[in-house]
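# Examining the three-dimensional arrangement
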Amino acid sequence: MLELRHLRTLVALRDAGSLVEAAERVHLTQSALSHQLKDLEERLDNPLFMRKTRPVEFTRAGLRLLNLAEQILPQVRMAERDLARLAGNEQGRLHMAIECHSCFQWLMPTVDHFRDHWPEVEIDIPGGHHFDPLPALAREQLDLVITADPQPLQGVHYEPLFRYQGLLAVARQHPLADKTFIEPADLADQTLITYPVERSRLDVFTQFLDPAGITPREVRTAELTIMMMQLVASGRGVCALPNWALTEYLERDYVKAVNLGEHGVWSTLFAAIREDTRSAPWMEDFLRTARETSFRVLEGIKPA
């Protein structure tokens, strides 16, 4: 009567808070997900959650199944890891680079969780690269690169992790703070604060300013997000960052955030890996752990 997919669906519904977002997480249409849940409720002769509530409110029966899911799904995951070890596929090396200054917020919990379950896999995040990470991945100097800028490289596969929205952070008293959305021309007389990377790797340029032929009055760089927020809060510039990177500063009312364009600027974050390690059990588990951790600790992201 009960299947693992049912438990995973209920967990996705709880974590996402709505049928639409839960369907995206389990890679079903909303109609298919609704049908699956309705069929399960009919077989159990019990409603599992209250319709038209956000976040979703579960019934006693739904909460009982969620409790079951919390007990069973981790055990299934552990068994899958054990079976991979028994098959002799446990050896591996995971040297990674990060082309994302804001990614440590979800990557470190991912690495910690993965290390607990795959202690035999060598993990390293070398710093101070004097080479381009993606070509280094193809040359086997690295094993994984977190990037939002995939390049066509032979033997390299790009696994989508999640989609995120870029927002413009401005001081609370800034003239742009009360706008519904920002237009490219609004930044022509602004100081834009960015991370110290090439403009070709910044979404605010490639997806927003460059297509409109707009250049900011000045571009200033800062290494750390907190430094950028201090500059923004003091009125010395504006900056575009992923929505999750701004969450704590918005909650503390330190800055305000405005959409870039009427429909927003959305990008996808990828894990770049080599084709020859794509099917390794430990690599599959790392990617799965990365997705699960991201949706657990980040706000405002969507399935890729």
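The following refers to the structure shown.

### Re the overall build of the protein chain
Looking only at helices and strands, the protein chain features 10 helices and 12 strands. Overall, the protein chain is about 65 × 50 × 30 Å in size when its C-alpha atoms are taken along their principal axes. Per-residue burial for the protein chain yields a buried fraction of 45% across its 304 residues. In the protein chain, the share of contacts with a sequence separation of at least 24, taken over all contacts with a separation of at least 6, comes to 75%. Summed over its atoms, the accessible surface of the protein chain is roughly 15,700 Å², and 50% of this surface lies on carbon and sulfur atoms. Distance between charge centroids for the protein chain: 4 Å, based on 33 positive and 43 negative side chains.

### A word on a nonpolar patch on the surface
A cluster of nonpolar side chains, contributed by Leu224, Ile226 and Met227, occupies part of the molecular surface with about 270 Å² of accessible area. Position of Met227 among the secondary structure elements: in helix H8 (residues 225–233). What makes Met227 partly exposed here is its relative accessible area of 37%.

### Some thoughts on the side chain of His157
Looking at where His157 falls in the secondary structure, it is placed in strand S6 (residues 156–170). Judged by relative accessible area, His157 falls into the buried class, the value being 13%. Side chain to side chain, His157 and Arg278 meet in a polar contact 3.4 Å long. Beyond its immediate sequence surroundings of up to four residues, His157 is in contact with Ala271, Ala272, Ile273, Glu275 and Arg278.

### Section: the pairing of strand S12 (residues 265–274)
Among the 10 residues that make up S12, nine are buried, leaving the element largely enclosed by the rest of the structure. Across four bridges, the pairing between strand S5 (residues 144–147) and S12 is antiparallel. Paired with Leu144 across the strands is Ile273, a residue of S12. By the bridge criterion, 10 bridges tie S6 to S12 in an arrangement that is antiparallel. Each bridged residue has a counterpart across the sheet, and for Glu159 the counterpart in S12 is Ala271.

### A look at the pattern of salt bridges
One pass over the structure, following the stated rule, counts 20 salt bridges. Across the pair Arg274 and Asp143 runs a salt bridge whose closest N-O atoms are separated by 3.2 Å. With Arg274 in strand S12 and Asp143 in the loop between helix H6 (133–138) and S5, this residue pair connects regions lying 131 residues apart in the sequence. Asp143 carries the same exposure label as Arg274, and that label is buried. Linking Arg278 and Glu275 is a salt bridge whose minimum nitrogen-to-oxygen distance equals 3.5 Å. Residue classification places Arg278 among the partly exposed positions, given a relative accessible area of 35%. Within the structure, one salt-bridge network assembled from shared partners comprises Arg77, Asp285, Arg288 and Glu292.

### Some thoughts on the nonpolar core
Counting residues in hydrophobic clusters, the biggest one holds 44 residues, and the most contacted among them are Leu94, Trp106, Leu144, Phe162, Met229, Trp244 and Phe286. At six residues, helix H10 (residues 281–297) tops the list of elements feeding residues into this core. Residue contacts for Trp106: discarding those within four places in its chain leaves Ile146, Leu161, Phe162, Trp244, Leu269, Ala290, Thr293, Ser294, Val297 and Leu298. Formed by 19 residues, the second largest nonpolar core is a distinct cluster that contains Val11, Ala23, Leu33 and Phe49.

### Topic: the packing of H8 against helix H9 (residues 243–251)
Where H8 meets H9, the axes come as close as 11 Å, and the angle between the chain directions of the two elements is 55 degrees. Taken together, the axes of H8 and H9 lie oblique to each other. For the element pair H8 and H9, the recorded crossing hand is right-handed. For the pair H8 and H9, the contacting residues are Thr225, Ile226 and Met229 in the first and Ala245, Leu246 and Tyr249 in the second. Its residues placed into classes, the contact of H8 with H9 shows five nonpolar, one polar and no charged.

Rules of the game
- Residues numbered from 1 in each chain as written.
- Predicted model: local features only at pLDDT ≥ 70, side-chain atom pairs only at ≥ 80, totals over all residues.
- Heavy atoms only, no water.
- Helix = DSSP H or I, 4+ residues; strand = E, 2+ residues; numbered from the N terminus.
- Buried < 20%, exposed > 50% of the residue type's maximum accessible area, 1.4 Å probe, protein only.
- Contact = heavy atoms within 4.5 Å.
- Areas by Shrake-Rupley, 256 points an atom, 1.4 Å probe, with all protein chains shown as cover.
- Lys, Arg positive; Asp, Glu negative; His and termini not counted.
- Charge placed at Lys NZ, Arg CZ, Asp CG, Glu CD.
- Patch = residues over 30% accessible without salt bridge, like charges linked within 9 Å, V, L, I, M, F, W, Y side chains within 5 Å.
- Salt bridge = Lys/Arg side-chain N within 4 Å of Asp/Glu carboxyl O.
- Polar contact = N/O pair within 3.5 Å; in protein donor to acceptor, adjacent residues only side chain to side chain.
- Pairing = 2+ DSSP bridges.
- Core = buried A, V, L, I, M, F, W, Y, C linked by side-chain atoms within 4.5 Å.
- Axes fitted to C-alpha atoms, helices over the stretch in contact; angles between N-to-C directions.
- Parallel < 35°, antiparallel > 145°, perpendicular 65-115°, else oblique.
- Left-handed = near helix turned anticlockwise from the far one by under 90°.
- Nonpolar A, V, L, I, M, F, W, Y, C, P; charged D, E, K, R; others polar.

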